[in-house]
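Observations on the model geometry
Residues per chain, in single letters:
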Amino acid sequence: AQSVTQLDSQVPVFEEAPVELRCNYSSSVSVYLFWYVQYPNQGLQLLLKYLSGSTLVKGINGFEAEFNKSQTSFHLRKPSVHISDTAEYFCAVSGPSHNAGGTSYGKLTFGQGTILTVHP
Amino acid sequence: DAGITQSPRHKVTETGTPVTLRCHQTENHRYMYWYRQDPGHGLRLIHYSYGVKDTDKGEVSDGYSVSRSKTEDFLLTLESATSSQTSVYFCAIRPGTGGADTQYFGPGTRLTVL
């Protein structure tokens, strides 16, 4: 079984300030890690994902995330936020479950979400 | 645009009535998913499908059933809606067959059960 914990339900920041949204995961096997963003009244959009290799992953809109295996964390960062970054952010892990043919079912387990509010 | 539509986009219904939500994709991808989104819970998987007539349960499947008779359509049915099923429902598709492949989400259906 796997789980995801987003440590902050709400993060208020001022425009042009740096921000970090924290995500910890739990899994007994290797997983793939994702960050999605949801703007008001919209569906989810992928920001970035970690598959393997370099632990620093760069995504869209200037976001990046660092995978830390020893701390089982995948924190999302942006050095300078804009008003338009106001949204809800979700961390997710993709399970390793496969069918008999070895194809992954790709089921996602999501964290509870972090609402980022950027103030002028 | 991942070519995913959901219908209806909004629905208000009464307790005990059946409700069917539709997810339609234009790309004929094999994998499709239904999630519900509730404050404080993020998104939780209800059911998923890995092909026509091939479906399985997710973590919150009680009270829901699904059907997939065509590649492009994945239907979610609440046989007898309850107030606890008031939620926003998202459909997702996944191109590819690897665990690292991105899921693409539809615009959502807001369901209110009175």
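Residues numbered from 1 in each chain as written. Chains lettered and ligands numbered in written order. Predicted model: local features only at pLDDT ≥ 70, side-chain atom pairs only at ≥ 80, totals over all residues. Heavy atoms only, no water.

1. Examining the sheet that holds strand β1 (residues 4-7) of chain B
By definition, the strands of a sheet pair up through backbone hydrogen bonds, in either a parallel or an antiparallel sense. Residues and elements named next belong to chain B. Read from one edge of the open sheet, four strands run β1-β3-β8-β7, paired in antiparallel fashion. What marks the edges here is a single partner per strand, and that holds for β1 and β7 (64-70). The mean angle between the axes of side-by-side strands here comes to 20°, regardless of whether they run parallel or antiparallel. Inspection of the sheet shows β7 paired to strand β8 (residues 73-78) by five bridges, in the antiparallel sense. Within β8, the residue paired with Ser-67 across the bridge is Leu-75. (Pairing = 2+ DSSP bridges. Helix = DSSP H or I, 4+ residues; strand = E, 2+ residues; numbered from the N terminus. Axes fitted to C-alpha atoms, helices over the stretch in contact; angles between N-to-C directions.)

2. Re the state of the cysteines
All names here are of chain B. Throughout the structure, instances matching the rule amount to two disulfides over all chains. Paired by a disulfide, Cys-23 and Cys-91 hold their sulfur atoms 1.9 Å apart. Between Cys-23 and Cys-91 the disulfide shows an S-S torsion of about -70°. By sign, it is left-handed. Taken as a pair, Cys-23 in strand β3 (residues 19-25) and Cys-91 in strand β9 (residues 87-94) lie far apart in primary sequence, 68 residues in all. With respect to burial, Cys-23 and Cys-91 carry one shared label: buried. (Disulfide = S-S within 2.5 Å. Buried < 20%, exposed > 50% of the residue type's maximum accessible area, 1.4 Å probe, protein only.)

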